[in-house]
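# Summary of the model geometry
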Amino acid sequence: MSQGKQLHAHIISLGLHQNPILVARLIGFYTNVNLIGDAQFVTESSCTVDPLHWNMLISSYVRNGLCGEALSVYKKMLSKQIEPDEYTYPSVLKACGESLDINTGVEVHRSIEASSMKWCLFVHNALVSMYGRFGNLEVARHLFDNMPVRDVVSWNTIISCYACRGMWEEAFQLFGTLQDEGVERNVIIWNTIAGGCLHLGNFGVALKLISQMRTSVHLDTVALVIGLNACSHVGALKLGKEMHGHAVRTCFDVFENVKNALITMYSRCRDLGHAFMVFHRMEEKGLISWNAILSGYAHVDRTEEVSFLFREMLQKGVEPNYVTIASVLPLCARIANLQHGREFHCYIMKREQFKDYLLLWNALVDMYARSGKVLEARKVFDSLSTRDEVTYTSMILGYGMKGDGGTALKLFEQMCELEIKPDIVTMVAVLTACSHSGLVAQGQFLFKKMIDVYGIVPRLEHYACMADLFGRAGLLNKAKEVITGMPYKATLSMWATLIGACRIHGNTVMGEWAAGKLLEMKPDHSGYYVLIANMYAAAGCWSKIAEVRTYMRNLGVRKAPGCAWVDVGTEFSPFLVGDTSNPHSYEIYPLMDGLNELMKDVGYVRREEFVSSEEEFEEMNIVGNVY
């Protein structure tokens, strides 16, 4: 820099500072060393009328994101009666678009039309891009449609205009037209369309486009990230590994965004070994990388690993953001471990930057509600100045699980009064609340209102709620009508719901019919067979129990041992039935024996007519033979 300035001084001393070639070199020097103010001084002090010098200065300002300064230089250029050329306008139009200066943009457009300059493809492309940034897509499309010549930049520009506004149908249509006209598609256009498919949830189409890209253009890091994200959503582990191999061969695996996409892909495909391998090999791990691996382990309920990784993250000096906390909080609810959840609650409360992230507070409400701590969930709920449908849904679900359907319905009414529109999840929550509280009429009314007022097409989950609602209330024929009349194939759990209701209300005929439907689906979980056996046991049909036992044996279904999570003070420890490997077993068994004795003392006697384990099938068979 110092030597360059010495040369500049020497040029002035020689009287060559007005030489057009040297002026251009000086402007180039100052802009390259980020002394744009000095470049502007050179430009303005020169007497040349060549627009090249002004163009260099304007483009330098735009390149550095200083759009206001760029437009100011353009206006000074005009004041000096210097005629802009085809290289001036693209930079000026870009500055107008990026700064959203609509008035100046329209004024520049008029200047272009009024000038004697011939039609120029670069200028026209810049006009399309500018109007696209303004959101005036009608003008942008009009300009595009009336271009006598288009290149790949023209197509990419108009497609990007629609894509940026989320108008994917128009973007896809243009992509198809481009294909029909045989225009060569560059990697940017491919990535825009594939990214649109990913955004809309068309993961299969996104992967198909990435596959087609490989035959015509080289995949770049953006294409790889799109492809890996699509793989993670559909669980395409094999294809994801192929993309990993491609990234290694092309040396794109050194980029952090590709590594993060790989961690996410492996995590969501439940290949945590490879996810951790990619993460572990990263020399510098950013927050996004930590979030990706934490989310992966949380997704499969690996609570100890999540806890260890989170502490390591803090030790490395990486500050968690709202995404980190929101990834981990649902895990605390799923494994009923509120110790970590409360720690995160305190962590959020102490940091002002989390105050406005409703996502986090919603996660806290959901965590407490799902863990049965409805009062604590309500405290968080009441403390919020802003609530959305997710906040209300979590509270409604919490009250519903507790059997407090009245409060759940009051919250739902409050939500509607505040003009917060319920979504499909909200309706599942409120119908569940009606079911658990025996509010049959209210449930029927809300199901009808969901369709007629909120315009929500009932899904399988909604029909399952209605079947459960009628079943619990003993309206078994109505429950049967829901299951047989819905436009979906009944699931195992729906048949199990009906069987359970038939057992409770003593309708063995319908229960046997539902059991037949369930057995046709050949479930591989022993719980369904135990449920059927319990129904037959309640009705005293011992021979039918033997048939269920035989059916299980023929299919090779074995009952998994019962598992409980035992709070041992500092952690939750899993404990299996008959487990002697657990380090706390010598404490747990005497405690369980003592609890059993206490239960007997207060009158809780085991009901022998119900089958709870595979071994009890044999006992029931013996009882049946005796009788």
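Okay, so let's go over this structure.

Rules behind the numbers
Counting of residues starts from 1 at the beginning of each chain's written sequence and follows it residue by residue. Given that the model is predicted, a residue must reach a pLDDT of at least 70 before its local features are reported, and side-chain atom pairs must reach 80 or more before they are shown or counted; all residues, however, enter totals for whole chains, interfaces and linings. Neither water nor hydrogens contribute to the side-chain values; these are computed over all heavy atoms in the structure. Secondary structure counts use DSSP, requiring at least four H or I residues in a row for a helix and at least two E residues in a row for a strand, with both numbered from the N terminus. Residue exposure (1.4 Å probe, protein chains only): buried if accessible area is under 20% of the type maximum, exposed if over 50%, otherwise partly exposed. Two residues qualify as a contact provided that any one of their heavy atoms is within 4.5 Å of a heavy atom in the partner residue. For accessible areas, the Shrake-Rupley method is used with a probe of radius 1.4 Å. Any residue's cover is judged against the shown protein chains and nothing else. A helix is expected to span 1.5 Å multiplied by its residue count minus one. Points on a 1 Å grid, built from protein atoms alone, make a cavity when a 1.4 Å probe fits but cannot get out and make a pocket when they are open with protein on both sides within 12 Å along at least 5 of 7 lines; residues with an atom within 4 Å of a point are the lining residues. Grid points are joined across faces, edges and corners, and a volume is the space filled by probe spheres set on the points. Classification used: nonpolar for Ala, Val, Leu, Ile, Met, Phe, Trp, Tyr, Cys and Pro, charged for Asp, Glu, Lys and Arg, polar for all others including Gly. When a carboxyl oxygen of Asp or Glu lies within 4 Å of a side-chain nitrogen of Lys or Arg, that pair is called a salt bridge. Classification of ring pairs uses Phe, Tyr and Trp, with its six-membered ring standing for Trp, and accepts pairs whose centres are within 6.5 Å; under 30 degrees between planes counts as stacked, over 60 as edge-to-face, and the remaining range as tilted. Charge-over-ring contacts are defined here by two conditions on Lys NZ or Arg CZ: a distance within 6 Å of the ring centre and an angle within 35 degrees of the ring normal. Note on definitions: angles span 0 to 180 degrees between N-to-C directions of axes, and those axes are lines fitted to C-alpha atoms, for helices only across the stretch in contact. Here roughly perpendicular refers to angles of 65 to 115 degrees, roughly parallel to angles under 35, roughly antiparallel to angles over 145, and oblique to all remaining angles. A crossing counts as left-handed when the near helix is turned anticlockwise from the far one by less than a right angle, and as right-handed when that turn is clockwise. Without a salt bridge and with relative accessible area above 30%, a residue can belong to a patch; like charges are then joined within 9 Å and nonpolar side chains (Val, Leu, Ile, Met, Phe, Trp, Tyr) within 5 Å.

### Quick look at the overall build of the chain
Helix and strand counts for the chain stand at 35 helices and two strands. Put simply, the chain has 627 residues, and 44% of those count as buried. Taking as baseline every contact in the chain between residues at least 6 positions apart, the subset at least 24 positions apart corresponds to 58%. By element, 54% of the accessible surface of the chain is carried by carbon and sulfur atoms, the whole surface being about 33000 Å².

### Topic: the environment of lysine 238
By the secondary structure assignment, lysine 238 is in helix 15 (residues 237-249). Judged by relative accessible area, lysine 238 falls into the exposed class, the value being 67%. Residues lysine 238 and cysteine 269, 31 residues apart in the sequence, show an inter-C-alpha distance of 9.7 Å.

### Describing helix 15
Because the α-helix completes a turn every 3.6 residues, residues three or four places apart line up on one side. Here helix 15 spans 18 Å end to end across 13 residues, near enough to the 18 Å set by a 1.5 Å rise per residue. Following helix 15 by one or two positions, cysteine 251 has its phi on the positive side, about 65 degrees.

### So, the layout of surface pockets
A volume near 430 Å³ is recorded for the second largest pocket. Lining the second largest pocket we find 17 residues, and of these Asn125, Ser129, Met130, Arg133 and Thr157 sit closest to its centre. Elements represented by at least two residues in the lining of the second largest pocket include exactly helix 6 (88-98), helix 8 (121-134) and helix 10 (152-164). A total of seven residues in the lining of the second largest pocket trace back to one element, the largest contributor, which is helix 8. Broken down by class, the residue content of the lining of the second largest pocket amounts to eight nonpolar, five polar and four charged.

### Structural notes on the pattern of salt bridges
This model, assessed by the stated rule, comprises 12 salt bridges. Measuring nitrogen to oxygen at the nearest pair gives 3.8 Å for the salt bridge that ties aspartate 38 to lysine 5. Of this pair, aspartate 38 sits in helix 3 (residues 36-45) while lysine 5 sits in helix 1 (residues 2-13); the two residues are 33 residues apart in sequence, bridging distant segments of the chain. Relative accessible area serves as the criterion here: at 38%, lysine 5 is assigned to the partly exposed category. Of the charged contacts, one joins arginine 472 and aspartate 468 as a salt bridge, the two residues approaching to 2.8 Å between their closest N and O atoms. Linking arginine 472 with aspartate 468, this pair stays in helix 28 (residues 460-472), spanning four residues, or about one helical turn. Its relative accessible area of 46% is what places arginine 472 among the partly exposed residues. The buried category is assigned to aspartate 468, whose relative accessible area is 17%.

### Considerations on the packing of aromatic side chains
Scanning the entire structure with this criterion turns up 17 aromatic pairs. Ring centres of phenylalanine 29 and tyrosine 30 lie 4.8 Å apart, and the angle between their planes is 55 degrees; this geometry places the pair in the tilted category. It is arginine 351 that lies over the ring of tyrosine 347; its NZ or CZ is 3.7 Å from the centre. Positioned above the aromatic ring of tryptophan 513 is the side chain of lysine 480, whose terminal nitrogen or guanidinium carbon lies 4.4 Å from the ring centre.

### Brief notes about the packing of helix 9 (residues 137-145) against helix 10
At a minimum axis distance of 11 Å, the contact between helix 9 and helix 10 shows a crossing angle of 160 degrees. Relative to helix 10, helix 9 is oriented roughly antiparallel. Helix 10 is crossed by helix 9, and the crossing has left-handed handedness. For the pair helix 9 and helix 10, the contacting residues are Leu137, Ala140, Arg141 and Phe144 in the first and Ser154, Trp155, Ile158, Cys161 and Tyr162 in the second.

### Remarks on a nonpolar patch on the surface
Where nonpolar side chains cluster on the molecular surface, the patch consists of Leu591, Met592, Leu595 and Leu598 and spans about 380 Å² of accessible area. Counting through the fold element by element, methionine 592 comes out in helix 34 (residues 585-601). The class of methionine 592 is partly exposed, set by a relative accessible area of 40%.

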